[in-house]
Each structure stands twice: as C-alpha cells, then as structure tokens.
Amino acid sequence: MFLTFCMTKYKYHTATKDKAILRKACLMKNFIFISPNFPTNYWQFCRELKNNGLNVLGIGDQPYDELMEELKSSLTEYYKVDSLENYDEVYRAVAFFIFKYGRIDFIESNNEYWLEQDAKLRTDFHIRTGFQTKDLPRIKYKSKMKPYYEKVNIPTARYHLVDTIENCRKFIRKVGYPVIVKPDNGVGASHTYKLENLKELKKFFEEKLADVSYIMEEFIEAEINSYDAIIDSKGRPIFETGNCTPISIMDSVNYGDDAIFYIEKELAEDTRKAGRDTVKSFGVRSRFVHFEFFRLLKDHEGIGKKGTLMALEVNMRPCGGFTPEMMNFARDTNVYKIWADMIAFDRTDLTIQDSHYCAFAGLRDYRDYVLSHDEIADRYREHLKMTGRLPDALSAAMGNKIYMATFDTKEEMDRFFQDLLETKEASVK
C-alpha cells in the first residue's frame, strides 16, 4: 500500500491562551484504544490523546515490532493478544491495564466491527463513558433504529424482516419491485442485494446465509447525504460536516463500480437539523458519529417530495477509510485533535479556517481509464491532497487507486470526477 500526501500539514490554529486553561482542567485519564493499528490512519487519534495528557493504552493482535513508529510513540503501553476476536484475551488485557494504571476512563475503537465488544467491555468493567451492552440493539439493528427516527419525525423506508418467501412476496406486493435486502445487523454494504423480480428473490433465498437475520426494504431512488459530527458528553456537536454519495456504495461493492463521494462545502441546514435530532433521539454522548440519510431524487408516496431527507442508518463511529483526512482537507482542520479534545476537555479550541469541497475517487485496477496517473497528477496538481492504493480490506467498497482533491466550486469538482472516471471504451463510443 502506498499513500502520498500532497500537502505538508493541515492548516489549523488554536487559541493558546484557551489551551492553557484547558490543560489545567484536564485530569490524567486512562484511555484504552482497541485495535489502534487498523485502520492505519487511526494512530492519529492516539497521538492527539497523548498530546492532551492521557495514558493511551493499546490492545491489538499485531506484534509490537510491526507497529508504525508513529503509533508506538503515541502509546503509553501496548498489549498484544493472539486474536481480538477472543473476548477472554481482550478482557484479561483490560484487567491488566486496570491493575497497572488504575481506573479506566474510556474504552474505544472508533471501529464498527468492534462496537459490540467495546460495549461489552465497558459493561463488564463498569466504564460508563460510552454505550453499554443494553444500548446495542438500537444502534446496531437497522429494524430497531426506525422507532428512534420516528420519535423525531424523520421518515423511514417500509420494511419486512425476512422470514419465508411467501411473506416476503406479500410485502413486495405492497411496495413493488425492486426491493433492497441486507443484514439487519451489518457493516457497510456487504451481503446487500437489490432484487428486481421473483427469480432474483428465489435466488436470494437459495444463497442467503442461514445464520444471518435480513431486513427487506422498499427501494428508494435517492442519493446518500451524511451527517458527520463529534459530540460532547452533553450531546452537543463541537464539529459538524457531511458528505454526499452520488454513486451507491452498494453498487461499488456488488458490481465493482468506481466509488465517488465528496465532503460538502457547507452542511445543508436540513441535514444539520436531522443529524442533531438523531443525536438527541439515540442518546449519543462523547462520540464521533456518521449518520446516513437518503435525499429523494423524486417524489415518493408516504415519505415526501423530491429533495426530502429520510433516514437510512446510524453509525456510531467515524466515516470509514480516509474520510477523516477528507474532512481535514475540506475544513483546513484536524478532526483527530477535535475528537481528542472532546475526550480530554469536553470541548475544543481548534478553529476552522476555510471550507472547500473535498472529492474522493476510487478507481478499479481492471478498468482502462483515459487519463494515466501522471496525467491526473499533472492536470490536478494544485487540487490533489492525497493519492495512493487502498488495502484489500477497504478496496471492495472504495476502489483500488484513490484520489482526493479539494475544489471551491461544484463545477470544478464535477469535471474532476468526469475526467478520472472516463474509460477508453466509453470515449470510443
């Protein structure tokens, strides 16, 4: 994997007088970071925690000698387990840190995959600064999220929990084809299907995983708009932004499509309101969140007019991959520091200097594009912020070769997407 930053550092500023006050207010805290080595950019969370005076205690399954030097220097201590999937091992690691360092103030991974284990560890060790096991249903199961949206008058798609093919056909007679089927408790767009007819429905029942609970929803023609925020201990946002996905991540995973999305230059007010209402309804405290909404591309009966926002799902962690870097590029800030300030001080003195669009394009190795990497680099030299290859664990959803660039206008950004995604086959046609 290679990644190239096309800027030397983020341009952000702090009020040093306020920082001194904040440091006095911060008592030494013990923070356990689960899997600090993956994703590879998460060492920056650890660095900013350490800079704020916290003991940063890492638990992971990668040998210490193989950790990035930046991560090593950001950790007070690292405890290697044979497998993070082995709860007993991770439990003993937490117990060791408590024995050595005293009370643990936070346990966090900022990773969707470990949210359930994080909650179980907090519950078992009576650590109250985060979701407990009893909170998991409403934040992990798509069907159980819906009542919390309804409490704040955010519409949701009609759904049916998959049981028999006969009952699914009854539901489809109400909403019509196509329908979307996905795991009720799922991560990303894996094992997600768009069913267009009875033949595909039957095929799904033949191939679906027997031990997975699926939810079936009516198909909504929409683009994804997100609310991304860092929330303090009182449920108030101290940083807000959002992104737009005009090409479905589900299609990117299932059909190998190119992946594009972008950080909005300005967060739409209806997205801001929906995000804040969702924070309140779900009882979010002291977290980095990524909430996804649909913005209707046409009128939809029972939901609203074209342009209306409706709920998709909550994700109680940062947006995946290198999206935190995109937020930094778009706002000339450092969300890793803002999050660490929230943990240490319950506020931040970091200011946002400018707002731009930040575009992401993920291209596929098997496609023959018109522009080569060198031609892209030359044409968009003043705009590119980061280029590289994604690890296999992320490439299915995000593409193999990635490009991030900032623009002041949407027209410039749209031209960037058109240039990068044009293939030689399409240009001949």
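Each remark here, short or long, concerns the structure printed above.
Described below are features of the structure shown in this document.

### Brief notes about the environment of His 126
Residue placement: His 126 occurs in the loop between helix H5 (115-124) and helix H6 (136-140). On a C-alpha basis, the gap between His 126 and Arg 103 in space is 10.0 Å, while along the polypeptide they are 23 residues apart.

### What to know about the sheet that holds strand E10 (residues 214-218)
With antiparallel pairing, the four strands of this open sheet are ordered in space as E7-E10-E8-E9. The open sheet has two edge strands with one neighbour each: strand E7 (159-161) and strand E9 (193-195). Each adjacent strand pair in this sheet contributes to an overall mean axis angle of 25°, direction not counted. Strand direction decides the pairing type here: strand E8 (residues 179-183) and E9, joined by three bridges, are antiparallel. Counted as the bridge partner of Val 181 is Tyr 193 from E9.

### Topic: the packing of helix H2 (residues 43-51) against helix H13 (residues 335-345)
Interhelical geometry of H2 versus H13 gives an angle of 50° and a closest axis separation of 8 Å. Regarding the angle of H2 to H13, the classification is oblique. For H2 against H13, the interelement crossing comes out right-handed. Taking contact as the criterion, the partners of Gln 44, Phe 45, Glu 48 and Leu 49 in H2 are, on H13, Tyr 336, Lys 337, Trp 339, Ala 340 and Ile 343.

### Section: unusual backbone geometry
Note that the residue after Phe 38, namely Pro 39, is joined by a cis bond; omega there is -5°. Among the secondary structure elements, Pro 39 is positioned in the loop between strand E3 (30-34) and H2. Between Tyr 177 and Pro 178 the backbone carries a cis peptide bond, its omega angle lying at -5°. Along the chain, Pro 178 turns up in the loop between helix H8 (165-175) and E8. Of note in this structure, His 126 is not a glycine but carries a positive phi near 55°. With phi around 65°, Asp 346 is a residue other than glycine that occupies positive phi space.

### What to know about the pairing of strand E20 (residues 401-407)
Counting buried positions over the seven residues of E20 gives six, a clear majority of the element. Pairing between strand E19 (residues 384-389) and E20: five bridges, direction antiparallel. Directly across from Leu 384, in E20, lies its bridge partner Ala 405.

### A few points about the packing of helix H7 (residues 142-150) against helix H11 (residues 269-282)
At a minimum axis distance of 9 Å, the contact between H7 and H11 shows a crossing angle of 110°. Overall, the two elements H7 and H11 adopt an arrangement that is roughly perpendicular. In terms of crossing hand, the pair formed by H7 and H11 is right-handed. Facing H7, whose interface residues are Met 145, Tyr 148 and Tyr 149, H11 presents Thr 278, Ser 281 and Phe 282. Its residues assigned to classes, the contact of H7 with H11 shows four nonpolar, two polar and no charged.

### Structural notes on the packing of aromatic side chains
All chains considered together, the criterion is met by 30 aromatic pairs. Aromatic ring contacts, followed pair by pair, group Phe 31, Phe 33, Tyr 42, Phe 45, Phe 106, Phe 288, Tyr 336 and Trp 339 into a single cluster. One residue, Lys 72, lies across the ring of Tyr 64, its end atom 4.9 Å from the ring centre. For Lys 120, the ring lying beneath its charged end belongs to Tyr 87, and the centroid distance is 4.9 Å.

Rules used in this analysis
Residues numbered from 1 in each chain as written. Predicted model: local features only at pLDDT ≥ 70, side-chain atom pairs only at ≥ 80, totals over all residues. Heavy atoms only, no water. Helix = DSSP H or I, 4+ residues; strand = E, 2+ residues; numbered from the N terminus. Pairing = 2+ DSSP bridges. Axes fitted to C-alpha atoms, helices over the stretch in contact; angles between N-to-C directions. Parallel < 35°, antiparallel > 145°, perpendicular 65-115°, else oblique. Left-handed = near helix turned anticlockwise from the far one by under 90°. Contact = heavy atoms within 4.5 Å. Buried < 20%, exposed > 50% of the residue type's maximum accessible area, 1.4 Å probe, protein only. Nonpolar A, V, L, I, M, F, W, Y, C, P; charged D, E, K, R; others polar. Phe/Tyr/Trp six-rings, centres within 6.5 Å; stacked < 30°, edge-to-face > 60°. Lys NZ or Arg CZ within 6 Å of the ring centre and 35° of its normal.

This is a description of form; function is not addressed.
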